[in-house]
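Listed below are the residues making up each chain.
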Amino acid sequence: MPLAARICAVAFAAVCAPAPGASAAAEFPSKPLRIIVPFPPGGFNDQLARTLGQKFTERWRQPVVVDNRAGGSTLVGTDLAAKAPPDGHTLLMVSFAFAVNPSLHARLPYDTLRDFAPVVLAAGTSNFLVVNRDLPVKSVRELIRAAKARPGTMDYASGGNGTSPHLCMELLKSMAGIDLVHVAYKGSAPAVTDLIGGQVQVAFDNAPNVLPHVKAGKLRALAVSTAARSPLAPELPTIAESGVPGFDVEVWFGIVAPAGTPRDVVAQLNAEINRALALPEVRRRFAEQGVRTIGGTPEQFGAYLHGQIARWAKVVRDTGVRIE
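A. Quick look at the overall build of the chain. The number of helices and strands found in the chain is twelve helices and ten strands. Over its C-alpha atoms, taken along the principal directions, the chain stretches across nearly 95 × 40 × 30 Å. By residue count, 53% of the 324 residues in the chain fall in the buried class. Nonlocal contacts in the chain, meaning residues at least 24 apart in sequence, comprise 79% of its contacts between residues at least 6 apart. When the accessible surface of the chain is summed, it comes to about 14100 Å², and 56% of that surface belongs to carbon and sulfur atoms. Between the mean site of the 33 positive side-chain charges and the mean site of the 26 negative ones, the chain shows a separation of 1 Å.

Spelled out as structure tokens, the structure:
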């Protein structure tokens, strides 16, 4: 072949060659997907994973398995995801505990920032401060007075060490100067069950997990954790309005993939999750539970994670929280 022809052939091949990573996106997904949820079924983490799984299947015609791996304050499921093949077919549902665990544990079986690739910040909600209906308190101020009158005798439930119900209550304890005893469960569902049954007296928990029980009269809500009131219960004050100024915690939910997942695959996942979150029926269903959809880029979620890790590291230091 003449030299000029060879040069043209090489140039044509270079132009037509796929960009780095393009083949990964073109072939994705090539098999069933798995979404690991480091909590038992029943909480909003699980609901969000199943909603996204359904939308993935509708879009890509691939089955999606929601794999609930509760235990170890979310460490069991998180470590499993960290060691999964980085091909985009395994995702991890993360929330508040993901950013708190680096401060609570002297050693983790994974590196929170190094071993995961942020995909998207999906949603946010308030925590509701709720009590067993037989507990004779009807406001945050009354709860604080009761706790101060009998320090160390009132139990509070959480879905596990490092979860938002745990850290919310520890922050309230520190800011209000009260002493409550922590009872950690392996997820929200068993914690709420025991709260209703009276085995524990008080808890913070996400709006979707407790509002149905409040409306049914099984629990009494006292306040919300965010700076603004919840549109689902505008009559409820915020913690800050109830005598603890400056208290403000929003619970968040996001999705990450194992580190090393091709960037174009992460981008494809991000686009599909953003599309699903923007669907009117998804937004409506979540809003009915007091959850706002968020979305955005992987880079935005990465910056948010860095900020959350720094914020809660300070809270852990200031409150002296320990793993029971």
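The discussion continues.
B. Molecular detail of the environment of Leu167. Locating Leu167 in the fold gives a position in helix H7 (residues 164–176). Owing to a relative accessible area of 0%, Leu167 belongs among the buried residues under this scheme. Spatially, the C-alpha atom of Leu167 lies 29 Å from that of Arg34, the residues being 133 residues apart in sequence.

C. Spotlight on unusual backbone geometry. Here Phe28 and Pro29 are connected by a cis peptide whose omega angle stands at -10°. Of note, Arg61 is a non-glycine position whose phi angle comes to about 60°, a positive value. In the Ramachandran plot, Ser73 falls in the positive-phi region, its phi being about 55° despite a non-glycine side chain. Along the polypeptide, Ser73 turns up in the loop between strand S2 (64–68) and helix H4 (75–82). By relative accessible area, which is 18% here, Ser73 ends up buried.

D. Structural detail: the packing of aromatic side chains. The full count for this structure, using the stated rule, is ten aromatic pairs. Arranged with centres 5.8 Å apart and planes meeting at 85°, the rings of Trp252 and Tyr304 form a pair that is edge-to-face. One end of the pair, Trp252, is in strand S9 (residues 250–258); the other, Tyr304, is in helix H12 (residues 298–319), and 52 residues separate them in sequence. Taken together, the ring pairs in this structure connect Phe28, Phe56 and Trp60 into an aromatic cluster.

E. The nonpolar core, seen in detail. Membership of the largest hydrophobic core comes to 51 residues, with the highest contact counts inside it found for Leu129, Leu167, Leu172, Val202, Ile239, Phe247 and Trp252. With near-sequence residues (within four places) excluded, Leu172 lies in contact with Leu129, Gly177, Ile178, Phe204, Ile239, Val244 and Phe247. Counting 33 residues, the second-largest nonpolar core is a separate cluster that includes Phe28, Phe44, Met93 and Val291.

Rules of the game
Residues numbered from 1 in each chain as written. Predicted model: local features only at pLDDT ≥ 70, side-chain atom pairs only at ≥ 80, totals over all residues. Heavy atoms only, no water. Helix = DSSP H or I, 4+ residues; strand = E, 2+ residues; numbered from the N terminus. Buried < 20%, exposed > 50% of the residue type's maximum accessible area, 1.4 Å probe, protein only. Contact = heavy atoms within 4.5 Å. Areas by Shrake-Rupley, 256 points an atom, 1.4 Å probe, with all protein chains shown as cover. Lys, Arg positive; Asp, Glu negative; His and termini not counted. Charge placed at Lys NZ, Arg CZ, Asp CG, Glu CD. Phe/Tyr/Trp six-rings, centres within 6.5 Å; stacked < 30°, edge-to-face > 60°. Core = buried A, V, L, I, M, F, W, Y, C linked by side-chain atoms within 4.5 Å.

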